[in-house]
Amino acid sequence: MEVTYNLRYQKSNFSNKVILDKEGEVIIYSKGFRLKGKGAADKGELINFSEIKEFYFRDEKIFFITFMKEKYTLADAGTLFDQLVADIYKSRNEFLMDALFMKSGKLKAEFEGAFQRVSKFAKLINKGNAKLRLYEGSLVIIPSKQDAFSIHFDFVNFYEFDEDEYTLKVVMDDGTTIFFSQLGNDFEFFQEKMDGLLGGMYETLVNDILRQAFVQFNASTLLKLAYKMKAGKAVSLKDLKKMDMDLAKEVEDFIFQDEVLKKKMKFLRDQVDEYNVYYGIARDDAVKNSFIRWAMYAIPSNNCVAFCILPRWQQGGTASAGATKPERHDTYFYKIIVEQGAPADKVEDKIMEINQALVNLHFAKDPCYKDKRDLRHSPYQYAIRKLPYLRILRKSFSGCASAPDADEWTKQAKEILKNMKV
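Residues numbered from 1 in each chain as written. Predicted model: local features only at pLDDT ≥ 70, side-chain atom pairs only at ≥ 80, totals over all residues. Heavy atoms only, no water.

A word on the overall build of the chain. Within the chain, the regular secondary structure consists of 11 helices and 22 strands. Taking 2.2 N^0.38 as the reference for a compact globule, 422 residues should give roughly 22 Å; the C-alpha atoms of the chain span a radius of gyration of 24 Å, in line with that estimate. Overall size of the chain, expressed as C-alpha extent along the three principal axes, is 70 × 55 × 45 Å. The buried share of the chain, taken over its 422 residues, is 48%. Taking the average location of the 65 positive side-chain charges in the chain and that of its 61 negative ones, the two points are 6 Å from each other. (Helix = DSSP H or I, 4+ residues; strand = E, 2+ residues; numbered from the N terminus. Rg over C-alpha atoms; globule rule 2.2 N^0.38 Å. Buried < 20%, exposed > 50% of the residue type's maximum accessible area, 1.4 Å probe, protein only. Lys, Arg positive; Asp, Glu negative; His and termini not counted. Charge placed at Lys NZ, Arg CZ, Asp CG, Glu CD.)

Here is the structure:
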């Protein structure tokens, strides 16, 4: 996509002093746009969408502020202003869908309808008309003049179609509710696709992952586990025991096949009850017939939640090929940020942050803790700046225990926990 509009633009510094004021044009590309003054000698200035921190419009002017605190104002587009806004958002939203990992799997269908998004406190976040793109694991909502956002099916708590009102209500794990309407003649097809994708997600998890790992359990038991664990979300040991005591034991045995790991994690396990121990299992798309396994511990007394993603496990019970060095079992520690009340009251929020970060970013650890300078050229550059749960998680990072030796690892963990305690 490459579209050009004539207009006037200004550039201001962080103290709002105008340092550039030109008549010229904006050329919109797929990942940004160029502002260029009149005359062949003016090469203009290229702004990538990844550089933009804030973007909005009002009174027939478009404003955007970069992460470097430079402010740009686009004006005098005349009768083409509305189309200009729509074209910029069209390109920007395609960028956002990739940069913020909104797409999950293959595109299955596209619809048009209306949406309304409400926070868990019943406050309106936004509403409007949008394209609705259904992927295998997510629904992406693309308004014509607002930022796109997505619903990851792994974090859908509840959804319900009202066939009398031709509406869909989706409630997320974090309490956000999204209503969809005005789907017209496509309503039944939309419902069929949504039901198929959400139902198929559990079937895939059971058949491709859980049935391979836990062959002795029936489909009904594994379906309960799939509903809770979805794409690898960590599930509490207490919930596992409620499903099936034998299953809970098998999950723990599946996680702790390495005795050194078991000894390391025992230090954390001994400090918590079964409500604060979590295990997750997911398919590893990087290696055929391989699983991702991870463990997480919430320790409110130390203001802490810690997780460890284990080395790859391949079908047949072997570690991934080439693992000749002693495993470090890197374990990452995060503070429970508390403004009021006790850390125990905020454990659920921290668990949600970690689950979202790992599942939505396909269990990449780097964006959860590395300095943003180290991620400058990574695919996570924009996500670490704009995804709220990832920003909070990164801000709360407190340290990593990584020694191969269990006793040395425990010393590292003790030192980190000592510094975290409120």
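Judged from the 11 bridges that link them, strand E8 (residues 107–118) and strand E9 (residues 124–135) form a sheet pairing that is antiparallel. Note that in E9 the partner of glutamine 116 across the bridge is lysine 127. Between E8 and E9, which follow one another and run antiparallel, lie five residues, and alanine 122 among them has a positive phi close to 65 degrees. (Pairing = 2+ DSSP bridges.)

Our focus in this paragraph is the nonpolar core. The nonpolar side chains of a soluble globular protein tend to be buried with one another. Judged by nonpolar contacts, the single largest core of 92 residues is most densely connected at Leu74, Leu139, Phe180 and Phe190. If one sorts the elements of this core by residue count, helix H1 (residues 81–99) sits on top with nine residues. Discounting residues that sit within four places of it in the chain, phenylalanine 190 has contacts with Phe111, Leu132, Leu134, Leu139, Phe161, Leu168 and Leu183. In this structure, Ala213, Met265, Ala306 and Trp409 belong to the second largest nonpolar core, which totals 45 residues. (Core = buried A, V, L, I, M, F, W, Y, C linked by side-chain atoms within 4.5 Å. Contact = heavy atoms within 4.5 Å.)

Pairing is possible between side chains that carry opposite charge, provided their charged atoms lie close to one another. Tallying each qualifying case throughout the model produces 23 salt bridges. Between arginine 133 and glutamate 94 there is a salt bridge, with its nearest N and O atoms 2.9 Å apart. Of this pair, arginine 133 sits in strand E9 while glutamate 94 is found in helix H1, placing the two residues 39 residues apart along the sequence. Given the relative accessible area of 30%, glutamate 94 is considered partly exposed. Across the salt bridge formed by arginine 133 and glutamate 110, the nearest N and O atoms sit 2.9 Å from each other. Residue arginine 133 is found in strand E9, and its partner glutamate 110 is found in strand E8; the two are separated by 23 residues along the sequence. Because the salt bridges share partners, they merge into one network encompassing Arg8, Asp21, Glu23 and Lys38. (Salt bridge = Lys/Arg side-chain N within 4 Å of Asp/Glu carboxyl O.)

Right, let's talk about the sheet that holds strand E12 (residues 156–162) for a bit. The seven strands lie next to each other as E11-E10-E9-E8-E14-E13-E12, forming an open sheet whose pairing is antiparallel. Each of the sheet's edge strands pairs with one partner strand only, and the pair in question is strand E11 (149–152) and E12. Each strand of the sheet is rotated relative to its neighbour by a mean of 30 degrees, with strand direction disregarded. One ladder, built from four bridges, connects strand E13 (residues 167–172) with strand E14 (residues 177–181); its direction is antiparallel. Bridged to valine 171 within E14 is threonine 177. (Axes fitted to C-alpha atoms, helices over the stretch in contact; angles between N-to-C directions.)

Quick look at the sheet that holds strand E6 (residues 61–66) now. Taken together, seven strands build an open sheet; the order of strands is E4-E3-E2-E1-E7-E6-E5 and the sheet is antiparallel. The sheet terminates laterally at strand E4 (45–48) and strand E5 (52–58), the two strands that pair on one side only. Sheet twist, expressed as the mean angle between neighbouring strand axes with direction ignored, is 30 degrees. Along the sheet, H1 makes contact with strand E1 (3–12), strand E2 (18–28), E5, E6 and strand E7 (71–75), crossing E5 at roughly 155 degrees.

This paragraph deals with the pairing of strand E21 (residues 331–335). Of all five residues in E21, four are buried, a share of seventy percent or more. Judged from the five bridges that link them, strand E18 (residues 304–309) and E21 form a sheet pairing that is antiparallel. Among the inter-strand pairings, cysteine 308 is bridged to a residue of E21, identified as threonine 331. Here four bridges tie E21 to strand E22 (residues 397–401), and the two strands are oriented antiparallel to one another. Bridged to tyrosine 334 within E22 is phenylalanine 397.

A separate point is the packing of aromatic side chains. For the structure shown, the criterion picks out 30 aromatic pairs. Ring centres of phenylalanine 64 and tyrosine 72 lie 4.8 Å apart, and the angle between their planes is 10 degrees; on these two criteria the pair is classed as stacked. Taken individually, phenylalanine 64 and tyrosine 72 each receive the classification buried, so the pair is uniform in this respect. Through pairs of rings, three or more aromatic residues link up here, namely Phe33, Phe49, Phe55, Phe57, Phe64, Phe67, Tyr72, Phe81, Tyr89, Phe95 and Tyr382. Across the ring face of phenylalanine 63, the terminal group of arginine 58 is positioned such that the distance to the ring centre comes to 5.1 Å. (Phe/Tyr/Trp six-rings, centres within 6.5 Å; stacked < 30°, edge-to-face > 60°. Lys NZ or Arg CZ within 6 Å of the ring centre and 35° of its normal.)

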